[in-house]
Amino acid sequence: MLPTLDVSDIPTARATMKELRAGLPDPDETGISVTDVTVPGPAGAPDVTLRIYRPDEVAGPIGIYDVHGGGFILGDIDASHAGNVALARAVGAVVVTVEYRLAPEAPFPAPLEDVYAGLVWFAEHAADYGVDPARIAIHGISAGGGLCAGLALLARDRGGPAIAFQYLGVPEVDDRLTTPSMTAFTDTPIWNRPNAIVSWDSYLGEGVPGSADVSPYAAPARATDLSGLPPAYVSTMAFDPLRDEGIAYGLALLAAGVPVELHLFPGTFHGSTLIEGAAISKREITERVAVLRRALGV
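Residues numbered from 1 in each chain as written. Predicted model: local features only at pLDDT ≥ 70, side-chain atom pairs only at ≥ 80, totals over all residues. Heavy atoms only, no water.

1. Description of the overall build of the protein chain
In step 1: Per the secondary structure count, the protein chain includes eight helices and eight strands.
In step 2: Here the C-alpha radius of gyration of the protein chain, 18 Å, is about what a compact globule of 298 residues would show, namely 19 Å.
In step 3: Taken over the C-alpha atoms alone, the protein chain extends approximately 45 × 40 × 35 Å along its principal axes.
In step 4: Taking the intrachain contacts of the protein chain between residues at least 6 apart in sequence as the baseline, contacts between residues at least 24 apart amount to 76%.
In step 5: As displayed, the protein chain has an accessible area near 12,300 Å², and 56% of this comes from carbon and sulfur atoms. (Helix = DSSP H or I, 4+ residues; strand = E, 2+ residues; numbered from the N terminus. Rg over C-alpha atoms; globule rule 2.2 N^0.38 Å. Contact = heavy atoms within 4.5 Å. Areas by Shrake-Rupley, 256 points an atom, 1.4 Å probe, with all protein chains shown as cover.)

Structure below.
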């Protein structure tokens, strides 16, 4: 049922994703206003585009800052559009998503700095959208989850915007590729070890992943101090090469005194919510909404 995602040829993989998306129906945007804004990017870098989703019925002065996935090399705000329409409606929150530069054309730290610049703008302009800047959660899946984990570290260390909560869905956080799940899952759907190798080589530069000098902002599993970070939810999938690094990161956060909810979904693979009708997918989607609403106090 699922397309084969082979990122060894990145331009072809990007084109394939756009073709697949073109064949999908447009989401129902009833009750959601959608606007794009251009905001200042990192110092000396291009401006950043943000897409803002404002539901007619809000659950409170709450916001979600979304970072799309794609292994640092794929994806854009159009690819996450349908999901963000649904998220804004279900949670009753203003959702802001960021168009960040992709590797390998723009390797680390460019994508993370774009993401940080977008969060700074959202926090500074939150009141314009009826959002309390102290009630903004960050939300990312896969590489988006990894970027959110790095974003939380960066915001803490720079004294940047307060983050109320970090939702890290199947996060990509460890460049070393040595966990049992990363070693074992070489041909699993959507994501597998060969794709992970291309992803990290693109993001950090060939030969850099696994070396001694990788920044914890790029690979948060490398961080030695996780204290003072926002409460977190970490999800992992049973047949996902990212499974064990997500579990390890959740446990490391917990050991550092960060409140954590850690969930391993059985019988699942990376991106398995594409099978929307599966009972486990429905559970995962329902739980995400419940987790975010609870974290944001609604």
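2. Some thoughts on the environment of Gly250
In step 1: Mapped onto the fold, Gly250 is located in helix α7 (residues 243-255).
In step 2: As a C-alpha pair, Gly250 and Val234 span 16 residues in sequence and 6.2 Å in three-dimensional space.
In step 3: Not counting the four nearest positions on each side in its chain, Gly250 is found in contact with Val234 and Val260.

3. Describing the pattern of salt bridges
In step 1: Counted by the stated rule, this structure contains twelve salt bridges.
In step 2: Ionic pairing is found between Arg158 and Glu113, a salt bridge with its closest N-O pair at 2.6 Å. Of this pair, Arg158 sits in helix α4 (residues 143-158) while Glu113 sits in helix α3 (residues 110-125), and the two are 45 residues apart along the sequence.
In step 3: Of the charged contacts in the structure, one is a salt bridge between Glu261 and Arg294, with a shortest N-O distance of 2.8 Å. Within this pair, whereas Glu261 is found in strand β8 (residues 260-269), its partner Arg294 is found in helix α8 (residues 279-295), the two being separated by 33 residues in sequence.
In step 4: Exposure remark for Glu261: the relative accessible area of 30% places this residue in the partly exposed category.
In step 5: On the basis of relative accessibility, which here comes to 53%, the residue Arg294 falls in the exposed class.
In step 6: Linked through salt bridges whose partners overlap, the residues forming this network are Asp36, Arg51 and Asp78. (Salt bridge = Lys/Arg side-chain N within 4 Å of Asp/Glu carboxyl O. Buried < 20%, exposed > 50% of the residue type's maximum accessible area, 1.4 Å probe, protein only.)

4. Some remarks on the pairing of strand β7 (residues 232-239)
In step 1: Taken across its eight residues, β7 has seven buried, putting it largely inside the fold.
In step 2: Looking at chain direction, strand β6 (residues 165-169) and β7 are connected through four bridges and run parallel. What sits directly across from Tyr167, in β7, is Tyr233.
In step 3: Since β7 and β8 lie parallel, the crossover through α7 that links them has a hand, and here it is right-handed. (Pairing = 2+ DSSP bridges. Right-handed = clockwise from strand over helix to strand, strands pointing away.)

Nothing here speaks to function; it is geometry throughout.
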